[in-house]
Amino acid sequence: MPSALNLAFLYHCMGRYDEAEAVFIDTLERRRRVFGPTHPGTMTCLQSLSALYRDTDRLSDAVELLEAAYADVRNELGESSPTVLEIGPKLAVMYTELGRANDAEPLFARTVEELTKLLPPEHPYLGRTRSQWAVALHSTGRTVEAITQLEQAYAVLSAAPGQEQAHDARLAARRLADMLDSIGRTEEAAQWRSRGIP
C-alpha cells in the first residue's frame, strides 16, 4: 500500500488529478478495510485525498471528508488525540475559506486549549495554529482577540529555528499589520508590516 500512496502523491504533484484521486480512493478503501477508519495510515491517506480536493477547488468535498474523519477519531480516541489535533486545524482553515468562520472559531479554540496542555508554549505548531485561529476570529468581528493571538503566534514563530517557522512568522506579521490597519492603528500596522518582509 505505501507504493500505491506514493504513486498517488506523484500523480498529484504532476497535475494528473483524476489518476491521483482514483489511487487515493482505492488506497483509502483498502486501508479502512485492513486497518480500520482511525488508524494513522488510514488518516494519512484521507488527509492526502482531502488536500487533493482542496488543490482542485473541491473545498466542499475536502471538508466533508475531514468532518467525517474528525468525528470518527474524536469519538474513538478522544479530544487530545494527536490525530484530532492535526485534523482539527485543517478542517477549521477550510471552514474559514468557505466563509464559515463561526464554525472554525470554536474548533480552533478547542484545539489550542488541548495543544496548550500537551505542548510547551514555544512549540511552532501551537504558534501556527494561533495564527490560523486569528483569521477566523477576525472574520467573526473579534479583531482585538485576533491581534492577541497573532502577537503570541509571532513571538513563538520568530524565535523558532528553521525557514518554515520564519515564513510563518512573516505571515503572522502581515496578518497582524492588516488587522491593525482595519481598526485604524496605522503606525503599529506599519511596524508589523516591515517585519513581514522577507
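Residues numbered from 1 in each chain as written. Predicted model: local features only at pLDDT ≥ 70, side-chain atom pairs only at ≥ 80, totals over all residues. Heavy atoms only, no water.

*Asks:* Could you give me a rundown of the packing of aromatic side chains, with the residues and numbers involved?
*Replies:* Going through the model one piece at a time under the given rule, you end up with two aromatic pairs. Judged by centre distance (5.7 Å) and plane angle (80°), the rings of Phe 9 and Phe 24 are edge-to-face. Of the two residues, Phe 9 is situated in helix H1 (residues 2–13) and Phe 24 in helix H2 (residues 17–35); the sequence distance between them amounts to 15 residues. For the ring pair Tyr 154 and Trp 192, a centre distance of 4.9 Å and an interplane angle of 90° mean the geometry is edge-to-face. Pair noted here: Tyr 154 is in helix H8 (residues 143–159) and Trp 192 is in helix H10 (residues 186–195), with a separation of 38 residues, a long-range link. The exposure class of Trp 192 is buried, given its relative accessible area of 12%. Over the ring of Trp 192 we find Arg 195, and its NZ or CZ is 4.1 Å from the ring centre. (Phe/Tyr/Trp six-rings, centres within 6.5 Å; stacked < 30°, edge-to-face > 60°. Helix = DSSP H or I, 4+ residues; strand = E, 2+ residues; numbered from the N terminus. Buried < 20%, exposed > 50% of the residue type's maximum accessible area, 1.4 Å probe, protein only. Lys NZ or Arg CZ within 6 Å of the ring centre and 35° of its normal.)

*Asks:* For the environment of Glu 114, give the residues involved together with the corresponding values.
*Replies:* Position of Glu 114 relative to the elements: it lies in helix H6 (residues 101–118). You can call Glu 114 buried: its relative accessible area is 12%. Between the C-alpha atoms of Glu 114 and Ser 80, which are 34 residues apart in sequence, the distance is 5.9 Å. Those residues within four positions of Glu 114 in sequence are excluded, and the remaining contacts are Glu 79, Ser 80 and Leu 85. (Contact = heavy atoms within 4.5 Å.)

*Asks:* Explain unusual backbone geometry residue by residue, including any values.
*Replies:* A positive phi is found at Asp 57, a non-glycine position, where the angle reads about 60°. Turning to its location among the elements, Asp 57 is positioned in the loop between helix H3 (40–55) and helix H4 (59–77).

*Asks:* Explain the pattern of salt bridges to me, using residue names and the numbers behind them.
*Replies:* By the definition in use, this model includes 18 salt bridges. With its nearest N and O atoms 3.8 Å apart, the salt bridge here joins Arg 128 to Glu 164. With Arg 128 in helix H7 (residues 124–139) and Glu 164 in helix H9 (residues 163–182), this residue pair connects regions lying 36 residues apart in the sequence. The exposed category is assigned to Glu 164, whose relative accessible area is 52%. We note a salt bridge from Arg 128 to Asp 168, for which the minimum N-O separation is 2.5 Å. With Arg 128 in helix H7 and Asp 168 in helix H9, the pair connects residues that are 40 residues apart, well separated along the chain. Salt bridges sharing common partners tie together Glu 21, Arg 58 and Asp 61. (Salt bridge = Lys/Arg side-chain N within 4 Å of Asp/Glu carboxyl O.)

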